[in-house]
Amino acid sequence: MLSGQAPTGHVDALDGVRALAAIAVLVFHVAIESAAALHDNFFSSLLARGDVAVPIFFALSGLLLYRPYARAALLGERPPSARVYLVKRALRILPAYWLVVVVAMTLWAGPHLGDVKTWLQLLLLGQTYEIHPWWFGLGPRGLAQMWSLCVEAAFYVLLPLVAAALAAYARRGGPDLGRRARRLLTGVAVLAGSSFAWALLTYFPAYRPYLNTWLPRAWVFFAVGMALAVVSEWARQEENGHETGEDGPAHRFVRAVGASAGSFLLVAALAYAVAASPLTGTRFSGVDGVWADLSELALYATVAAGLVTPAALLPAGGSPYGRFLGSRVMRFLGRVSYGVFLWQFVALYLWYDFTEQQPWSGNFAGNLVVVGAFTLLLATLTHRYVEEPARRLALRATSSLKGTRKGTRQETQTATQTATQTATETSSQKQTARATGTERAASPRP
C-alpha cells in the first residue's frame, strides 16, 4: 500500500525532493561564481556536479504530470483535457518567470531592452533555440538557468501527444492491466533510449553544443519519473482489485522499494561520486567527448532515480527518508523552490555588484549564506504574491473549462440517448406496421 498520498494525489515527500534539488542548484551556482567548484580536488568535483539537480527536477515533472495520463491508459479511460492541463501549466510557470525576466533584463541588458526578438524569445521560453545569441553562455545575465525551464516547457507541450501515443500502444495489449502497464513501461524505455541517440547526434558529424539544451537529450530524466508514475498507478489498481491485489508485480516492487530506501540512496550517492570523477570529463574546460557525455546521462539518471523512487513509492508505514522529506521545513522549501530556482542568479549578481566582488574571487561559504537568504526572501514573496494568485486564477479558469467540457459531454450523451431512443421508437413503429400489414394480408378480404 502506498502512503503519504492525499486524495488529491499530493505527496509531501516529493516537496522535500524538490527542496533538495533547489538547494543543490543554488549551491552549485554559488560554487561556480566563487570558484569553489573549479579547484582540482574531490570536494570541488562534488560541488561541480550540483547540476544533477536539473535531472531531479525533470524526473519529478515526469512523475507528477504523466501520472493522470498513466492512470487513464491503464484503465482505458479518457485522458485529461489537454486544454485544461496546458492552461494550468502556463499559469503555474509563466507569471513568476516573466517577473524575473523583466527584472534581470532591466538591470543588466540595457542595450537590448528594445530588441523585440529577444523579448519574444525570453517570454515564450524559446531562447535555447537561438543558435547565435548576443549573450554569452546559456542566457542573458541573471537568466542563464532558464535553459532548463525551456526544456520543461517543451516537455509540457509535448506530453499530451506522447501520452496519447503511449496509450495507443498500451491499448493494443488488450484489457489486461499488467500487459498494458508493461507496454507503457516499454514505451517509456524507448523515450529514455532516445536521449543517448540524441547525444550521439550532438557529436556527429560535428559537435553542436546547443543541442544539449533541447528536450530530446533530457528524455531519459523525464522517463525516470514517467516510469514511476506507471508503477505507482499499476500498484494502486492492483490494490483496488483490478488484478492480483497485493501479490501483483507492481505491489511487490513497491514493497521492495519501501524495505530498501537506504539502498536506493546509497546507489544515488555512489553514482554522484562516480559522476564527479574524470569518467564524465573535466568541468568547464571544453568538450571531453561523446563517451563522457553518455556516462553523464546514465549517472545523472541513476542519481535522479535513486532519490525520487523511495520518495514516490513510500511504504504504508512511511520511512525515515519520507519523514525527513515531508517535514515542515522541507515542505516549505519545496513550496517556494520554484522561486529559489528563478531568483538565484539575480540575487547572486546583485550581491556581487553591491560588494564589488569579482567572479572567482573566493568566499564560497559567506556568499552562500547571504545569497541563499536573499534568494529565499525573494522566493517567499514571489510565492505569496505571484504564484499563489496565479494558482487561484488557474483553478478558476480550469474549473470553467472543465464545466464547459462536462456540459458538452452531457449534451453529447443526451443527444446520443435521444437519437437512440428515437431510433428504437421508429424501429418499434416499423415492426408494428409490418405486423399489421402481415395480419391484413393473411386475413380474408371483406
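Structure shown above.
Now for a quick tour of the structure. (Residues numbered from 1 in each chain as written. Predicted model: local features only at pLDDT ≥ 70, side-chain atom pairs only at ≥ 80, totals over all residues. Heavy atoms only, no water.)

What to know about the overall build of the protein
Within the protein one finds 15 helices and zero strands. For the protein, with 446 residues in total, the buried portion stands at 47%. Counting only contacts in the protein whose residues sit at least 6 apart along the sequence, the fraction spanning at least 24 positions is 76%. Accessible surface, the protein as shown: approximately 21800 Å² in total, 64% of it carbon and sulfur. (Helix = DSSP H or I, 4+ residues; strand = E, 2+ residues; numbered from the N terminus. Buried < 20%, exposed > 50% of the residue type's maximum accessible area, 1.4 Å probe, protein only. Contact = heavy atoms within 4.5 Å. Areas by Shrake-Rupley, 256 points an atom, 1.4 Å probe, with all protein chains shown as cover.)

Quick look at helix α6 (residues 147-171)
Helical geometry: 3.6 residues make up each α-helical turn, so side chains three or four residues apart lie on a common side. In a regular helix each residue adds 1.5 Å, so 25 residues correspond to 36 Å; α6 covers 36 Å between its end C-alpha atoms and thus fits that length. The sharpest bend along α6 measures roughly 45° and falls at L158, with the proline P160 sitting one to four residues further on. (Expected span 1.5 Å × (residues − 1). Bend = angle between axes of the 7 residues up to and from the residue.)

Concerning the packing of aromatic side chains
Within a pair of aromatic rings, the relevant descriptors are the distance that separates the centres and the angle that separates the planes. As enumerated under the stated definition, the model contains 14 aromatic pairs in all. On the basis of an interplanar angle of 80° and a centroid distance of 5.9 Å, the ring pair of W108 and Y349 is categorised as edge-to-face. Here W108, found in helix α4 (residues 82-108), pairs with Y349, found in helix α14 (residues 337-355); they are 241 residues apart in sequence, far enough to count as distant. Ring centres 5.5 Å apart and planes at 50° place the aromatic pair Y129 and W214 in the tilted group. Taken together, the positions of Y129 in the loop between α5 (116-123) and α6 and W214 in the loop between α7 (177-203) and α8 (215-239) put the pair 85 residues apart, joining distant regions of the chain. Counting every residue linked through ring pairs, the aromatic cluster contains F58, F155, W219 and F222. Sitting over the face of the ring of W108, R141 holds its NZ or CZ atom 5.5 Å from the ring centroid. For R141, the ring lying beneath its charged end belongs to Y349, and the centroid distance is 3.9 Å. (Phe/Tyr/Trp six-rings, centres within 6.5 Å; stacked < 30°, edge-to-face > 60°. Lys NZ or Arg CZ within 6 Å of the ring centre and 35° of its normal.)

Focus: the environment of L122
You can see L122 is positioned in helix α5. Residue L122 is classed as buried on the basis of its relative accessible area, which comes to 0%. Through-space distance from the C-alpha of L122 to that of G139 is 9.1 Å; in sequence the pair is 17 residues apart. Leave out the neighbours within four places in its chain, and L122 touches Y97, V101, M105, Q127, P140 and L143.

What about α5?
Among all positions of α5, only T118, W119, Q121 and L122 are buried. When α5 is viewed along its axis, its buried side chains cluster within an angular range of 165° and face the same direction. On its buried face, α5 sits against α4. Capping of α5 at its N-terminal end is provided by D115; its side-chain oxygen lies 3.1 Å from the backbone amide nitrogen of K117. The positive-phi residue at the C-terminal boundary of α5 is L125, with phi of around 55°. (Arc of directions from axis to C-beta. Polar contact = N/O pair within 3.5 Å; in protein donor to acceptor, adjacent residues only side chain to side chain.)

Description of the pattern of salt bridges
Under the counting rule described, the total for this entry stands at nine salt bridges. The shortest N-O distance in the salt bridge between R217 and D293 comes to 2.3 Å. Taken as a pair, R217 in helix α8 and D293 in helix α11 (residues 290-312) lie far apart in primary sequence, 76 residues in all. By relative accessible area, D293 is classed as buried at 7%. Salt bridges sharing common partners tie together R49, R217, D293 and E296. (Salt bridge = Lys/Arg side-chain N within 4 Å of Asp/Glu carboxyl O.)

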